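Geometric and topological summary
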Amino acid sequence: MGLLGTLTETLKASTESPNRGEGTAESKGAYWCHDCDERLLDLDVAGDDPPSCPECGDEMEFERSPGSTGCAC
């Protein structure tokens, strides 16, 4: 395999990896307010109840992208 092939395979593997950092906890998704386009990572929310949107005060929805390989964005 040539240099270009090696670089292509390395970049492909790094973007498909579920390990995207060295954090101590792994996120399961994020809370979203679709009206305000606000997003809160689940690790930034205390408790199990959905948080209120910081902009409008409505309850945010938890979402997880089923096709993603490590993030909910």
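See the structure above.
**Observations concerning the sheet that holds strand β3 (residues 61-63)**
The 3 strands lie next to each other as β2-β1-β3, forming an open sheet whose pairing is antiparallel. Edge positions in the open sheet fall to β2 (38-41) and β3, since each of these has one partner strand only. Averaged over neighbouring strand pairs, the angle between their axes works out to 30° when direction is ignored. Strand direction decides the pairing type here: strand β1 (residues 30-33) and β3, joined by 3 bridges, are antiparallel. Each residue of the ladder has a partner; that of Trp 32, found in β3, is Glu 61.

Rules and cut-offs
Residues numbered from 1 in each chain as written. Predicted model: local features only at pLDDT ≥ 70, side-chain atom pairs only at ≥ 80, totals over all residues. Heavy atoms only, no water. Pairing = 2+ DSSP bridges. Helix = DSSP H or I, 4+ residues; strand = E, 2+ residues; numbered from the N terminus. Axes fitted to C-alpha atoms, helices over the stretch in contact; angles between N-to-C directions.

The values are spatial; any link to function lies outside them.
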